Amino acid sequence: TLMNGGSTHRSVLLEEALEALQIHADGAYVDGTYGRGGHSRAILARLDARGRLLAIDKDPEAVVAARRELAADPRFAIRQGSFAEMRHMIADWGRGELVDGVLLDLGVSSPQLEDPARGFSFLHDGPLDMRMDPGRGRSAADWLARAPEAEIAEVLKRYGEERYARRIARAIVSARRDVPITTTARLAAIVAKANPAWEQGKHPATRSFQAIRILVNDELADLEAGLEQSMLALRPGGRMAVISFHSLEDRVVKRFIRREARGVQPPPGLAVREADIVRRLRPVGKALRPASAEVAANPRARSAVMRVAERLG
């Protein structure tokens, strides 16, 4: 996810996502990542009085905003937590166990990026936190204060695909010996100084901040669980649309859909009838990227990819 939220928010791939979900006016849908509510409002606009929408967000501030804006709509409900807990939330919602569509937009929302107090941004100084839900888990500062150098290097390499991970990890460990690293500006400065070359148009700390954010929020394991939950929550013919913003997330989504489309393959040499292979998803179309006009209007859309799959009966 890019770390430069503009002040005007646009939901990326909005029309394409609505089209992919094939929304029925009387259907039941889940928006697994409410954010600023762009997708939720657009889904509600396509539902009649019988339709309903459950929105989920880890971020308590997003939940407060959703309640303020949409609480009066009897078709709408919001829950705080991870989409990895989706089926439990749907059962608690009490509108049946299965839904017609699930949308997951994995981008960090603009309010999170723009609020220095949340600690996601290297452009605005603030406390080094990065938790989507500040009430759970450990902050980025806590992890950086204690993690061994080899672990920091591994995280930057694996989750940030950072070429200079070892050099940056060494600089972080050296700097924290003097003074604990507790602000985003200090971490960004340490990373920038240790980074000998970075991509044109990207801040030198982009990859490191992405990596630490993914670790702190356990994003990839959460995504795996969320995809499984989304699939199990869909009725046959129901669809899931997943919008990701960097290659690691997209790879997880792509592999998950491919695995469920192929079904569990028998061990080599074991004869199994085709009819006995359980396939739970069918990919719909190819991976979709935003049109150039959308990217020009909204730089955040640049790296977005949407994948769509349909639940098989």
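Note that the structure is predicted; figures quoted are calculated from it, not measured. Numbers given to residues run from 1 along each chain, matching the order in which its sequence is written. Totals for whole chains, interfaces and linings use every residue, but because this is a predicted model, local features are given only for residues with pLDDT of at least 70 and side-chain atom pairs only at 80 or more, for both listing and counting. The basis for every side-chain value is the complete set of non-hydrogen atoms in the structure, without hydrogens or water.

Here we take up the overall build of the protein. Within the protein one finds 13 helices and 7 strands. Under the scheme applied here, a residue whose accessible area is under 20% of the maximum for its type counts as buried, over 50% as exposed, and between as partly exposed, the area being computed with a 1.4 Å probe on protein chains only. Expressed as a percentage of the 313 residues in the protein, the buried residues total 52%. Residues are treated as being in contact if the distance between any of their heavy atoms lies within 4.5 Å. Partitioning the contacts of the protein with sequence separation of at least 6, the portion at a separation of at least 24 is 68%. For the accessible areas, the method is Shrake-Rupley and the probe is 1.4 Å, while residue cover comes only from the protein chains on display. Here the protein displays about 14,600 Å² of accessible surface, and carbon together with sulfur accounts for 51% of that area. For the protein, the distance from the average site of its 49 positive side-chain charges to the average site of its 41 negative ones is 4 Å. Only DSSP runs of H or I with at least four residues qualify as helices, and only runs of E with at least two residues qualify as strands; both kinds are numbered from the N terminus onward. His residues and chain termini do not enter the charge count, which takes Lys and Arg as positive and Asp and Glu as negative. Here the site of a charge means atom NZ of a Lys, CZ of an Arg, CG of an Asp or CD of a Glu.

Centre distance within 6.5 Å is the pairing criterion for rings of Phe, Tyr and Trp, where only the six-membered ring of Trp is used; planes under 30 degrees apart are then read as stacked, over 60 as edge-to-face, and the remainder as tilted. Summed over all chains, the structure comprises 1 aromatic pair. On the numbers, 6.1 Å between centres and 55 degrees between planes, the contact of Y34 with F76 is tilted. Remark: F76 occurs in strand 3 (residues 76-80) and Y34 occurs in the loop between strand 1 (28-31) and helix 2 (38-45); sequence separation between them is 42 residues. As far as the burial class goes, Y34 and F76 line up, both buried.

DSSP-based pairing: two strands are paired if at least 2 bridges between them are found. Relative to strand 3, strand 2 (residues 52-57) is paired through 5 bridges, and the arrangement is parallel. Bridging across to strand 3, A55 finds its partner in I78. Clockwise travel from the first strand over the helix to the second, with the strands pointing away from the viewer, marks a crossover as right-handed. Handedness of the crossover joining strand 2 and strand 3 through helix 3 (residues 60-70): right-handed.

The next subject is the environment of D133. Within the secondary structure, D133 is located in the loop between helix 5 (110-114) and helix 6 (140-146). Sequence-distant contacts of D133, that is, excluding residues within four places in its chain, are made with K58, P60 and Q80.

So, about the environment of V264. Its place among the elements puts V264 in the loop between helix 12 (247-262) and strand 6 (281-288). A relative accessible area of 72% places V264 in the exposed class. Each C-alpha atom of the pair V264 and D276 lies 9.8 Å from the other, and the pair is 12 residues apart in sequence. V264 has contacts with I277 and V278, leaving out every residue within four places of it along the chain.

Quick look at the sheet that holds strand 6 now. Here 7 strands make up an open sheet; going across it, the order is 3-2-1-4-5-7-6 and the pairing mixed. The two strands at the open ends of the sheet, each matched to only one other strand, are strand 3 and strand 6. Sheet twist, expressed as the average angle between the axes of neighbouring strands with direction ignored, equals 15 degrees. With 6 bridges joining them, strand 5 (residues 234-244) and strand 7 (residues 305-311) adopt antiparallel strand pairing. Bridge pairing in strand 7 places I243 opposite M306. Contacts from helix 3 reach strand 2 and strand 3, with the element oriented near 165 degrees to strand 3. Axis angles are defined between N-to-C directions and span 0 to 180 degrees, where every axis is a line fitted to C-alpha atoms and, for a helix, only to the segment in contact. Each of strand 5, strand 6 and strand 7 is contacted by helix 12, which is oriented at about 20 degrees to strand 7, the strand it contacts most.

Every α-helix winds through 3.6 residues per turn, so residues three or four apart in the chain are directed the same way. Residue count minus one, scaled by 1.5 Å, sets the expected span of a helix. Relative to the 20 Å expected for 14 residues at 1.5 Å per residue, helix 8 (residues 165-178) spans 21 Å between its end C-alpha atoms, a close match to the ideal helical length. Listed as buried for helix 8 are A165, I168, A169, I172, V173 and A175. Angular distribution of buried residues about the axis of helix 8 spans 165 degrees; they occupy a single face of the element. Turned more than 90 degrees off the buried face of helix 8, the exposed positions are R166, R177 and D178. Those residues of helix 8 that are buried are in contact with helix 6, helix 7 (149-160), helix 9 (184-194) and helix 10 (206-216). Directions from the helix axis toward the C-beta atoms define the arc.

Mapped onto the elements of the fold, N217 is located in the loop between helix 10 and helix 11 (219-233). The exposure class assigned to N217 is buried, which follows from its relative accessible area of 8%. In the analysis that follows, any N or O atom pair within 3.5 Å is treated as a polar contact, provided that within protein one partner can donate a hydrogen and the other can accept it, and provided that, for residues neighboring in sequence, both atoms belong to side chains. Here the side chain of N217 touches M132 through a polar contact of 2.8 Å, landing on its backbone nitrogen. Separated by 3.0 Å, the side chain of N217 and the backbone oxygen of R213 make a polar contact. Setting aside residues no more than four positions away along its own chain, N217 makes contact with K58, F120, M130, R131 and M132.

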